[in-house]
Amino acid sequence: MKKFFLTFFSFFIISQSAFALVKIDITRGNLEPLPAAISRFYMDDPAKFSKELKNLKLEEKIPDLISTNLKRSGLFNIIDPKSYIQSPSIAHMKPTFQDWALIKAQIMVSGKLVIDSKKRLRVEFRLWDVVNAKEIEGLALFATPNSWRRIAHIISDKIYERMTGELGYFDTRIIYVAESGAKDQRVKKLAIMDQDGANNKYLTLGNELVLTPRFNPTAQMITYMSYFKNLPRVYLLNIETGMQEVVGDFPGMTFAPRFSPDGKKIIMSFAKDGNSDIYSMDLATRVVEQLTSHPSIDTSPSYSPDGRYITFNSDRSGSQQVYVMKSDGSNVKRISYGEGLYGTPVWSPRGDLIAFTKIYRGNFYIGVMRSDGSGERLLTQNFYQEAPSWAPNGRVLIFYRETKAGKSGVGASSSLWSIDLTGYNERKIKTPTDASDPAWSGLLSK
Amino acid sequence: MNYVKHQLSLIILREVKMLKGLRNSFLVIVLGILISACSTTATKKTVGAGDVYTGTDTVKYLATGVADRVFFATNSSKLTAAATATLDKQADYIKSSKISVVIEGHADERGTREYNLALGERRANAVRDYLMSKGIAKASIKVISYGKERPVNTESSALAWSQNRRSVTVKSK
C-alpha cells in the first residue's frame, strides 16, 4: 500500500550559539514582516555528486521552498536574491555582514550540500543574525533525493522557531475531502497533501460519501465518517498500511469523530432515535463510554490538549451553542453567549483558545474565544465557511469556504483557506479539485 | 429542475427579529412570494408557518396522491399540519402495499456539516415516529441522515433551502 514515509532521514544540530536579538513579535496585530535573505545553497565538492543529483538542482530548490514557506507565514519578507552579492559558499562559511546589512536583511540563511564518506547526501544550513553579526542556528540533515521538500520544511521550521520563539508548522500535512461533480451528487474522496499543497494523494476512490477526516497525533491514522454500504459510520484508516475499520459497533449513525490528544480514544457522536449524544471509545480496549445524555443534539466534540476537558456544540438551550465539560461528561457549561449560533468548537493545541464557527444574520464567521467563553474575536466573515482546524503551533487556522450558487448550482465551489490567529494573512490553499473539511497534522518530525 | 421550467421569480423578504427574553437566539422569518410567469394572472403563495416550503416542485410520488416528502422550518424537526397530512397518506399506502421504507433526513446548506447530520437524523426520526404512531411496524422503517450532502435544489436561495429541509420516504429494495 501507499507509503508516506518513504524517506529516511536523521538530523543533528551542529551549532547553537548565543540568544538571538533579532526577534519577531507575533502577538502584535499588524506586524512588519522581518526582512530576510535566503542565499542559494552550494554543492561542496561537486565532483562527488551524481549527474541525476546535480540535475535536481537542490541548491536552488531547497532555498526557494524555504523562501516560499517563510513568505506564506506572513512574518518574513524575502529580499530579492538578485541583490545578493556574496557567493553561496562565502555566505555559508564566512559571510561579510555589511553586504547583507546594505540590502536591509536582518537575517540571512545559507547552506550547502555534501556527499559524505558513506555516499549519503547531507544538507547543512546556517541562520545568521545580520544585525549582530553572528550565527544563531545551524542544522545538518541527511536526505534522499526524494525527501528534499521535507528537508526544506524542517529547515523552515527551525528558522521560524528561532525567530518567533514558537514551534513551526511547515513539516506538516493536511487531510481533507476532495470534491467533484454536481452539488446534488457530489463525489467525495479522502485526500492528503503537504501543508503547501505538494504531494497530493487520494486515499479513497469516491465510491461512497466521506466526511470530516482528522489525524491522530502521529499523523499515521485518520478517523473519518463514511457512507460505505449506505451505513454512515465512523471509520479508522491507517494511511501507511491502507487498513480500514469501523469504529465500534453502534446500531445507528456515528459521526463527528476526533482523536484524543494521546491518540488512544476516539470521541464522536452517536445518533439514535433522533437524538445525538457524545461517546468515546478506547481503541485498545474497545470500551465505549457515553459522555452526554440529553435529548438535544450534542456533536462536534474536541478534547483540550491535556485531555481533561471536551468542548462540543449542543442545541440544548434552544439554539446551537458551544459548551465545555470535563472529559468524563460532568460539569457541562455553556461558554458561547454572543448573538447568533455557534458550532464546530476546536481546542487550540496551546490550550488557551477555542476556535469556532459562528452563524449570525446570514453570515458565517470563523472566530476564537478563551475556553471560558471570554475574549471572543471574529477573524473572518463570509457567505459560508466552517470547520476550523489548528496548525500544531496554534498560530494558524485552516477551514473551508463555499461560494453562493446561482440557479442549478452554477458557480458553486468549495475551497480551503488559512488565516493567522491575528486575523491577518488570509490565504487560499490550492488544491487540484474543490476541497472541504481540512484538518492539520502535528509536526511530522517531532 | 421543475422550478426552472416554471421560471418562477422569487421575492424574499427576510426579517430578523430578536425574541423577547431570548437575547441570544433569533428567528429568521422568510417570506417567499412566488409569482408564476406562466400563468396570466400572477398567483401569490406564501411559504407557510415560519419558513416551511409548501409548494409541490421537487415533490415525487410513492403512488398517486401519495407525496414522498415533507418539509421543515429552519433548524426544526417539527411536523407541520401539511406534513402530517402527507404522512397519513404514506402510512395508508405503506400498510396497504406492505412495503418497507427508508426515511432520508436532509438539511439545508446553512448550518455546520456535523450539526446538519444530527438534524437530518432528527427529522427522519420525527417522520418515523409519526408513521409508527399510525401503525407502521418499526421493522419496516429505516432512517438515514444525509445532512446537507444531498440537496434537491442546488441554488443558494431561501426557496432552495426550504426545499432542501426535508425528509424523503423511499421504498427500500
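Higher on the page you've got the structure.
Attention in this report is confined to the structure presented alongside it. (Residues numbered from 1 in each chain as written. Chains lettered and ligands numbered in written order. Predicted model: local features only at pLDDT ≥ 70, side-chain atom pairs only at ≥ 80, totals over all residues.)

Here we take up the nonpolar core. Membership of the largest hydrophobic core comes to 85 residues, with the highest contact counts inside it found for Ile354 and Ala355 of chain A. Sequence-distant contacts of Ile354 of chain A, defined by excluding residues within four places in its chain, comprise Thr311, Val322, Pro345, Val346, Trp347, Ser348, Val368, Met369 and Ser371 of chain A. (Core = buried A, V, L, I, M, F, W, Y, C linked by C-beta atoms within 7 Å. Buried ≥ 20, exposed ≤ 12 C-beta atoms within 10 Å, placed from the backbone. Contact = placed C-beta atoms within 7 Å.)

Sheet strands pair by backbone hydrogen bonding; their relative direction is either parallel or antiparallel. All names here are of chain B. Taken in spatial order, the 4 strands line up as β5-β8-β6-β7 in an open sheet, and their pairing is mixed. At either margin of the open sheet sits one strand with a lone partner, and together these are β5 (69–71) and β7 (141–147). Across the sheet, the mean angle separating the axes of adjacent strands is 20° when strand polarity is ignored. Relative to strand β8 (residues 166–171), β5 runs antiparallel, the two being bridged by 3 bridges. Among the inter-strand pairings, Phe71 is bridged to a residue of β8, identified as Arg166. Taken strand by strand, helix α2 (residues 81–97) contacts β5, β6 (101–106) and β8, and its axis lies near 160° from that of β5. Lying over the sheet, helix α3 (residues 113–133) contacts β5, β6, β7 and β8, oriented at roughly 155° with respect to β7. (Pairing = 2+ DSSP bridges. Helix = DSSP H or I, 4+ residues; strand = E, 2+ residues; numbered from the N terminus. Axes fitted to C-alpha atoms, helices over the stretch in contact; angles between N-to-C directions.)

Once that is clear, we can look at the sheet that holds strand β7 (residues 173–180) of chain A. The strand order β9-β8-β7-β30 (chain A) describes an open sheet built from 4 strands, whose pairing is antiparallel. For this open sheet the edge positions go to β9 (201–202) and β30 (434–440) of chain A, each flanked by a neighbour on one side alone.

In this model, Ala256 of chain A sits at a positive phi of 55°, which is unusual for a non-glycine residue. One can find Ala256 of chain A in strand β14 (residues 253–259).

So, on to the pairing of β14 of chain A. Residue and element names in this part refer to chain A. For β14, the buried fraction is high: 7 of the 7 residues fall into the buried class. Of the strand pairs in this sheet, β14 and strand β15 (residues 265–272) are connected by 5 bridges, and their pairing is antiparallel. Its bridge partner lying in β15, Phe255 is registered against Ser269. Where β14 hands over to β15, the hairpin turn is made up of 5 residues, of which Gly263 adopts a positive phi near 75°.

Residue and element names in this part refer to chain A. The geometry of helix α2 (residues 58–72) relative to helix α5 (residues 148–164) is characterised by a closest axis approach of 9 Å and an angle of 45° between their N-to-C directions. Comparing the axis directions of α2 and α5 gives the class oblique. Classified by chirality, the crossing of α5 by α2 is right-handed. In this structure, α2 contributes Leu58, Lys61, Ile62, Leu65, Ile66, Asn69 and Leu70 to the contact, and α5 contributes Trp148, Arg149, Ile151, Ala152, His153, Ile155, Ser156 and Ile159. Per-class residue counts for the contact of α2 with α5 are 10 nonpolar, 3 polar and 2 charged. (Parallel < 35°, antiparallel > 145°, perpendicular 65-115°, else oblique. Left-handed = near helix turned anticlockwise from the far one by under 90°. Nonpolar A, V, L, I, M, F, W, Y, C, P; charged D, E, K, R; others polar.)

We now examine the pairing of strand β16 (residues 275–282) of chain A. Residue and element names in this part refer to chain A. With 6 of 8 residues buried, β16 is to be regarded as a mostly interior element. Bridge analysis of β15 against β16 gives 8 bridges, and the strand direction is antiparallel. From the neighbouring strand, Ile267 faces β16, where its bridge partner is Ser280. Where β15 folds back on β16, the antiparallel hairpin that results is connected by 2 residues, among which Asp273 adopts a positive phi of roughly 50°. Pairing of β16 with strand β17 (residues 288–290) involves 3 bridges; the strand directions are antiparallel. Bridged to Ser280 within β17 is Glu289.

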